[in-house]
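# Tertiary structure, described
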Amino acid sequence: MSDQDGTAASDEWSDQETALTEEEVASRDAFVASVRELYEAGTPFFTREMIQLAQDQVDQIANDSATPRRVDRLGFDGKMHPQYVSPSSAFSKVHNEVYLPRVSYKSFESLTMLSPRRQCLDALVSVGIASVCDGVTDESDISQDVVRRAFDECLDLWEQSDEWAGLKERIRPHLSTLPMTIDKIIGFGLGDLSIAVARDVDEEMKKRSSEQHALMLTLAGILEETTGNGVKCHAQDPAYSNICKEILAQRGVDVVHGDRGFLLVDDKSIVLSFSPNVPVRQVIADLTRPAMMVWDIMSKPERSEWRRSRGVWISPHTTDPVSPRVLAMKEEKGERDFKAATRSESLPVEEKQLGIAPSFEKGAQTDMMTMASEPGMAKVMKDGHTSADHKQQEQYNK
């Protein structure tokens, strides 16, 4: 899903459902006002404690024979909020799709641009637990050797490509501005490698996950050359199949458990994230300032209202929207423009942003590079397969 045209949520709404009452509208307005007040006061909406607590409880639900009736969520108001869990919704199967408990995130936009339909607004919570479509590739007719060969071929082609050569040429002069202490790259939602051999998938889609992982590995290599340090690659994506995990492990990539990849990010990290299904940029903006971020181009939303199409309400924001804090993170870095080598002048060139920060101490000068990339590379970075097309079932607290 592209970050530019993907929507964060859709809501089915029956024609028979009545409009909100004046009291309900007033309650919604008060809730949004409370959210904005805390946000504008600088209150973190995402903390390590919130994520750790949610992941620990997801693990407990997954490992225990009996699903707990209640879990706790740490709200951004500093309070614990109970979330009541229905055993039938924690693990369920709907139309051959398996739903499992996972950590869920609410962006600033999803908390302030509310759906037109009725919803529970009693908790100032941005990190919770939801029943989410598993989304893992069916491996029943997929060979690990076939997937490995497909990825090896993609990696070889990428390393020999004009795109990577041009990108290296333009990045190298600026690597000296990065901290020499960089020791890891963390990729969020880079997609399952098994899709490269999946049936009924177009060729461009098949390459995206492999090319994004290839970018991570080659970027680690050039950083090791520059810093003299070992650079470990970590990857977080609930869509990873067992075959994908084994292939990545053979390449030295650590597939992190659950959402613990966020807990690894620090000022010695590089973060890669392209059109994820969770608000990665907002989470990072609250947690820390990594040494470098590679992400999709930032664009302001074209609309701020929900729209209805074929009986379904479509959100005005994406799953990884650009919040005021994300914009502030960009502004504090400055910008530089780059163009990578192009394969075809007849194809449009799309801009991507490559964030580079030599230091994030108070008062330190930092940099942001805006990279206009080769068309093929743009597709890798803009339209990449993301962390499973999660179809969130109803939240447990309903």
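To be clear, the structure that these remarks concern was listed above.
Reading guide: rules and limits
Per chain, residue numbering runs from 1 following the sequence as it is written. Local features in a predicted model are, by the rule used here, given only for residues with pLDDT of at least 70; side-chain atom pairs are given and counted only at 80 or more, and totals for whole chains, interfaces and linings are based on all residues. Side-chain numbers come from the whole structure's heavy atoms, not from hydrogens or water. Secondary structure follows DSSP: runs of H or I at least 4 residues long count as helices, runs of E at least 2 residues long count as strands, and numbering of each begins at the N terminus. For every residue, the accessible area obtained with a 1.4 Å probe (protein chains only) is divided by the maximum for its type, and the residue is called buried under 20%, exposed over 50%, and partly exposed between those limits. Between two residues, a contact is recorded if the distance between any of their heavy atoms is within 4.5 Å. Areas reported here follow the Shrake-Rupley algorithm with a probe of radius 1.4 Å; residue values treat only the protein chains shown as occluding. Pairing between two strands requires that DSSP report at least two bridges joining them. Handedness of a crossover: with both strands directed away from the viewer, a clockwise path from the first strand across the helix to the second marks it as right-handed. Directions pointing from the helix axis toward each C-beta atom define the arc. Aromatic rings from Phe, Tyr and Trp, taking only the six-membered ring of Trp, are treated as a pair when their centres fall within 6.5 Å; an angle between ring planes under 30 degrees marks them as stacked, one over 60 as edge-to-face, and anything in between as tilted.

### Thoughts on the overall build of the chain
Broken down by element type, the chain carries 12 helices and 17 strands. Residues classed as buried in the chain amount to 51% of the 398 residues present. Look at the contacts in the chain between residues 6 or more apart in sequence, and 76% of them connect residues 24 or more apart. Total accessible area computed for the chain in this model is approximately 18,400 Å², and 47% of it derives from carbon and sulfur atoms.

### So, the pairing of strand 10 (residues 269-273)
The element strand 10 is largely enclosed, with a buried count of five among its five residues. Residues Ser269, Val271 and Ser273 line one face of strand 10 and the alternating positions Ile270 and Leu272 line the opposite face, and both faces are buried. As judged from the four bridges shared by strand 10 and strand 11 (residues 292-295), these two strands associate in the parallel manner. Bridged to Ser273 within strand 11 is Trp295. Once the chain exits strand 10 it traverses helix 10 (residues 280-287) before rejoining the sheet at strand 11, and the crossover so formed is right-handed.

### Re the pairing of strand 3 (residues 80-84)
Only one face of strand 3 is buried, namely the one carrying His81 and Gln83, since none of Met80, Pro82 and Tyr84 on the opposite face is buried. As paired elements, strand 2 (residues 70-74) and strand 3 share five bridges and run antiparallel to each other. Of the residues in strand 3, the one forming a bridge with Arg70 is Tyr84. The turn joining strand 2 and strand 3, which pair antiparallel and follow one another in sequence, is formed by five residues; a positive phi near 85° is taken by Gly78.

### Re helix 8 (residues 242-250)
Residues spaced three or four apart along an α-helix face the same direction, because each turn holds 3.6 residues. Within the span of helix 8, buried status applies to Ile243, Cys244, Ile247 and Leu248. The buried residues of helix 8 occupy an angular sector of 130° when the element is viewed end-on, so they sit on one face. Against the buried residues of helix 8 lie helix 5 (144-159), helix 7 (203-227) and strand 9 (253-255). Count one or two residues on from helix 8 and you reach Gly252, which has phi positive near 85°.

### Observations concerning the packing of aromatic side chains
Per the counting criterion, the structure on display carries eight aromatic pairs. A centroid spacing of 3.9 Å and a plane angle of 15° characterise the contact between Phe45 and Phe76, whose relative ring orientation is stacked. Taken together, the positions of Phe45 in the loop between helix 1 (22-40) and helix 2 (48-63) and Phe76 in the loop between strand 2 and strand 3 put the pair 31 residues apart, joining distant regions of the chain. The exposure class assigned to Phe45 is buried, which follows from its relative accessible area of 1%. On the basis of relative accessible area, Phe76 is assigned to the buried category, the value being 3%.

Read these as geometric descriptors, not functional statements.
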